[in-house]
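Inside the fold
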Amino acid sequence: MVDLINVSYDTQIPNNVGLSSDRKVLKALEKWHPGYINWWNDLIPEKFQKSMVYLRTAVSVDPKGWAKFDYVKMPEYRWGVLLAPQVEGRTIPCGEHYGQAAWQEVPGEYRNMLKRLIVIQGDTEPGSVEQQRFLGLTAPSLYDMRNLFQVNVEEGRHLWAMVYLLQKYFGRDGREEANDLLVRSSGSEEAPRMLGAFNEETPDWLSFFMFTYFTDRDGKMQLESLAQSGFDPLSRTCRFMLTEEAHHMFVGETGVGRTIEKTCQVMRENGIEDPYDIDKIRSLGVIDLPTIQKKLNLHYTLSLDLFGQEVSTNAANAFNAGIKGRFQEHRIDDDHMLKDATYTVWDFEDGKAVQKEVPALTAINMRLRDDYIKDAAGGVGRWNKIIEKAGVQFELKLPHESFNRKIGVFAGHNFDPDGKIVSGAEYDAGIPNWLPTHADGDFIQSLMVPVTEPGKFASWIAPPKVGIDNKPGDFEYVKLHMA
Amino acid sequence: MNKPLKQHLIDPEICIRCYTCEMTCPIEAITHNDDNVVVDAEKCNFCMDCIPVCPTGSIDEWRVVNTPYSLEEQFEWTELPEQEDIEPAAEGDGAMEALDEAMAALLAEAHAGAGGKSVAPQSASKATVNLYNLGKPIEATVQGNYRLTAEDSDADVRHIILDFAGQPMPVLEGQSIGIIPPGEDAEGKPHLPRLYSVSSPRDGERPGYNNLSLTVKREEHGVASNYICDLKKGDKVRVTGPFGSTFLLPSDPDAELLMICTGTGSAPFRGFTMRRQREMPSATQKMTLVFGARKPGELPYFGPLKKVPEDFLRKIFAFSRLEDEPKHYVQDKLREEKEAVAKLLKSDKAYFYICGKKEMEHGVEEALADIARGEGLEWKPIRDRMREEGRYHVETY
């Protein structure tokens, strides 16, 4: 009998899906595996491939087994195929098939739509690893380096998760799509990653933290809605991925929080009350709060674009087909079919942003974006608590969702961060105050010096309150390979 | 007044509101509002499922309370309340030795010889406790069972290796696990777990393997000890724990350790020594072991111990039944070493550990008091300060 909770190591690929008795898929995955390892090895600098990193590996998908910590060399990390346990009698949670038994095989009429969703999700996973490939070299501590690598190996595992679905359920085109996931590459001229936000290099650690906070949170929302899929293997895959995704949220939120904490601490120690005394604050080796606000503006607005058009027939079709639900669909108290419901969306009419009611079915993207905004606002509130506690007069804010948008109804219009329409000249004059400038980037870059002594941190960031796996402050999270 | 109870709480300053714990809790004891994620004290049954899934560590917070904090109170918090002074406190430093009353009571009894509330060394890793309990034990497989005492000795002490395969068993050196003997007692009730100190380091008896070792002496008519000493390779054993959150090894490589033991009391010190050998092999001149037994053939790990370099672990043996030799006990050896011991008594980096039979406590403490007196010092205040700083530990049975 196949053990569907504990991970089996009887094939090259750890899994809880009974791969050893599924020769065809096993063969396809084993064929894909070397390409994956090559991709990984080309990506991460050799020095880190040989270092021992204190990582968690899932040994089973139940709560007791999925966070097993130990030192491991990254190329030997046990990437595998792990699905949350099957829920007996699960039904399709939304759309026109609402209440019918969930699909265990791909429903023919939705095959292409499903495949496309899986490919897009799969494409983002290696994309972010590619974007972050140089960050290990400037890690502000071994603790942060370990967190970066944990995020990276788990994004790698998420790629595996999507590739498994493609290989298992989509035959030959699935295999081709799986291969293409290793061909496309972030920032490539010829074959870039599919979504714009995954083609920008992550140049520094503050960008990394902002990325994991804002952009990975979009990923979390997408996974949440795919976890509601009527296609049960996709739902189970995404449910397990979400437990790992929580760590990425953690890295982002605490990374930005620790940066803010250190800035406030240094301001206080030096008697600086004005958060806009930027030169003086920067001269003390920390990142001023206005610059942190600008980084926030950038990453937040880029991430909003990932939700697509406010009114979308694709999203309506996916929901109606029951292959993508809403955030926490099972907790929403309605007919789950959106027959007559309406939803408020933004539109742009007569030169200004207006809100109007549209059929809720077409506003699925907008609704997910609203849920995202609420989720993202929580952490900003907690960052402000850090500032408040330090007695600094400053408040971080999410900019208005019309600001700096490239996709959706606001694209192409000049909104300021408060959501006010401004003239082209005002917009150009405002931009250096609203978004990070080259000079800001250069300054942040100047702080990116690696710190590799256990328990020590770069000047611009405070140590964490609690260690990973409850380790003490001076724990050697990465035993660096010394060539 | 209500009996004080342990309440599970979440630190709102560290929690990132990912709700993973809430989704994991099998009995929906965790809930949230727009501000905080909180645990309902009326529902939580300490199953600990939420602990490993938390990405932040904010989930592992406990307070002993007379009246549990309500959900409404917890929703309002921006930080956790301090532990209130509640007597009698069965835990040290806010950490729980164990979550079930029976195990906590056993450990409290074992640690009583320290003369007050036990506190973990400051730099010790934080221990996981009660991952498994009587209602929900974990099954281990016996990998080996080796006799440690000489064939001609009437003492039968055994080295038992248990393997946990893919199941998590995060145990630190100095912690104990419970073994549940099969069958029932005279009253027809299932046997309660018996506690045994783990004698291997945290990364396994063999590094990287999810196994651990115990050091068990066969006791006449002992239900558990006979069961364990008779185990064969491949046998399955039901295990609870880990237990204990104070008798732990400091992570500080500069810590100086004085470890005093008799018989199977050596178990935690084998774990300590192996941990330091694996983690910080260059930290020499930091560990001293004073080890008592009747004769060398009855001293567990006598062979392997002799192979540990003397500058890494100084070994002082006390034998009480050697032919043509006067009886030596650990306290006699301490007196012989009074200069070295006195130096440790005055060091802020010194950690004392005493482990073995209850009867040894008195003699050892008397010797330490004498040595202190010889230096013009008073033992009790030194001991109390060391204990409060997590540097004096007693575990005797």
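Residues numbered from 1 in each chain as written. Chains lettered and ligands numbered in written order. Predicted model: local features only at pLDDT ≥ 70, side-chain atom pairs only at ≥ 80, totals over all residues.

Going by an unreviewed UniProt entry, chain B carries the name Benzoyl-CoA 2,3-epoxidase subunit BoxA and comes from Maritimibacter harenae. Listed in UniProt under the heading Cofactor (unreviewed entry), the comment for chain B reads: "FAD". (UniProt positions renumbered as here; feature names shortened; annotations may be inferred.)

By the naming in an unreviewed UniProt entry, chain A is Benzoyl-CoA 2,3-epoxidase subunit BoxB, taken from Maritimibacter harenae.

A few words now on the overall build of chain B. The secondary structure content of chain B amounts to 11 helices and 15 strands. Looking at the 397 residues of chain B, the share that counts as buried comes to 45%. A separation threshold of at least 6 residues defines the contact pool for chain B, and within that pool the share at least 24 residues apart is 75%. (Helix = DSSP H or I, 4+ residues; strand = E, 2+ residues; numbered from the N terminus. Buried ≥ 20, exposed ≤ 12 C-beta atoms within 10 Å, placed from the backbone. Contact = placed C-beta atoms within 7 Å.)

Further remarks concern the overall build of chain A. When helices and strands are tallied, chain A shows 13 helices and five strands. Expressed as a percentage of its 483 residues, the buried residues of chain A come to 49%. Contacts spanning at least 24 positions in sequence make up 69% of the contacts within chain A whose residues lie at least 6 apart.

Another aspect to go through is the interface of chain A and chain B. Tallying the contact residues gives 24 residues for chain A and 21 residues for chain B. For the side of chain A that touches chain B, the secondary structure elements donating two or more residues are strand 2 (68-73), helix 7 (232-269) and helix 11 (364-389) of chain A. Class assignment for the residues of the side of chain A that touches chain B results in nine nonpolar, eight polar and seven charged. (Nonpolar A, V, L, I, M, F, W, Y, C, P; charged D, E, K, R; others polar.)

Turning our eyes to something else, we now look at the nonpolar core. Formed by 211 residues in total, the largest nonpolar core has its most connected members in Val163 of chain A together with Met259 and Ile260 of chain B. Ile260 of chain B has contacts with Val290, Val330, Tyr353, Ile354 and Val364 of chain B, leaving out every residue within four places of it along the chain. (Core = buried A, V, L, I, M, F, W, Y, C linked by C-beta atoms within 7 Å.)

This brings us to the packing of helix 6 (residues 205-226) of chain A against helix 9 (residues 289-305) of chain A. Residues and elements named next belong to chain A. The interhelical angle for the contact between helix 6 and helix 9, taken along N-to-C directions, is 30°, at an axis separation of 9 Å. With respect to helix 9, the element helix 6 is oriented roughly parallel. For the crossing formed where helix 6 meets helix 9, the hand is right-handed. Contacts between helix 6 and helix 9 involve Leu206, Ser207, Met210, Phe211, Phe214, Thr215, Arg217 and Asp218 from the first element and Lys295, Leu296, His299, Tyr300, Leu302 and Ser303 from the second. Its residues placed into classes, the contact of helix 6 with helix 9 shows seven nonpolar, four polar and three charged. (Axes fitted to C-alpha atoms, helices over the stretch in contact; angles between N-to-C directions. Parallel < 35°, antiparallel > 145°, perpendicular 65-115°, else oblique. Left-handed = near helix turned anticlockwise from the far one by under 90°.)

This paragraph deals with the environment of Asp335 of chain A. Residue and element names in this part refer to chain A. Of note, Asp335 is situated in the loop between helix 10 (313-321) and strand 3 (342-349). For Asp335, a count of 11 C-beta atoms within 10 Å translates into the label exposed. A C-alpha to C-alpha distance of 8.3 Å links Asp335 and Cys94, two positions 241 residues apart in sequence.

Moving on: the sheet that holds strand 8 (residues 194-197) of chain B. Within a sheet, neighbouring strands are paired by backbone hydrogen bonds and run either parallel or antiparallel to one another. Residues and elements named next belong to chain B. The strand order across the open sheet built from six strands is 8-7-10-5-6-9, with neighbouring strands paired in antiparallel fashion. On the outer flanks of this sheet lie strand 8 and strand 9 (211-217), each paired with one strand and no other. Taken pair by pair, the neighbouring strands of this sheet meet at an average axis angle of 40°, ignoring direction. Two elements, strand 7 (residues 176-180) and strand 8, share four bridges in a ladder whose sense is antiparallel. Bridged to Gly178 within strand 8 is Leu195. (Pairing = 2+ DSSP bridges.)

All names here are of chain A. Here helix 7 is 38 residues long and its end C-alpha atoms lie 55 Å apart, about the 56 Å a rise of 1.5 Å per residue gives. Along its length, helix 7 reaches its greatest deviation from straightness, about 30°, at Thr243. Counting buried positions along helix 7 gives 33 out of 38 residues, so the element sits mostly inside the fold. Gly271 lies just past helix 7 and shows a positive phi near 65°. (Expected span 1.5 Å × (residues − 1). Bend = angle between axes of the 7 residues up to and from the residue.)

This part is about the UniProt feature "binding site: NADP(+)" (unreviewed entry) in chain B. Residues and elements named next belong to chain B. As recorded in UniProt, the sites labelled "binding site: NADP(+)" (unreviewed entry) are Ser197, Lys217, Thr264, Ser320, Arg321, Lys327 and Glu395. Once you skip the residues sitting within four places of it in the chain, Ser197 turns out to touch Ser176, Ala267 and Pro268. Looking at the secondary structure, you find Thr264 in the loop between strand 11 (256-262) and helix 6 (267-279). Given 24 C-beta atoms within a 10 Å radius, Thr264 is considered buried. With sequence-adjacent residues up to four places away left out, Thr264 is seen in contact with Val157, Thr215, Val216, Lys217 and Pro300.

Residues and elements named next belong to chain B. The pairing of strand 12 (residues 287-293) with strand 13 (residues 313-319) spans seven bridges and is classified as parallel. Bridge assignment links Met287 to a residue of strand 13, and that residue is Leu313. The parallel pair strand 12 and strand 13, bridged by helix 7 (residues 302-307), forms a crossover whose chirality is right-handed. (Right-handed = clockwise from strand over helix to strand, strands pointing away.)

All names here are of chain A. One open sheet accounts for three strands, arranged 2-1-5; its pairing is antiparallel. Two strands bound the open sheet, and with one partner strand each, they are strand 2 and strand 5 (478-479). With six bridges connecting them, strand 1 (residues 52-57) and strand 2 associate as antiparallel partners. For Val53, the partnering residue across the bridge sits in strand 2 and is Val72. Docked against the sheet, helix 4 (residues 142-169) engages strand 1 and strand 5, running at close to 50° with respect to strand 1.

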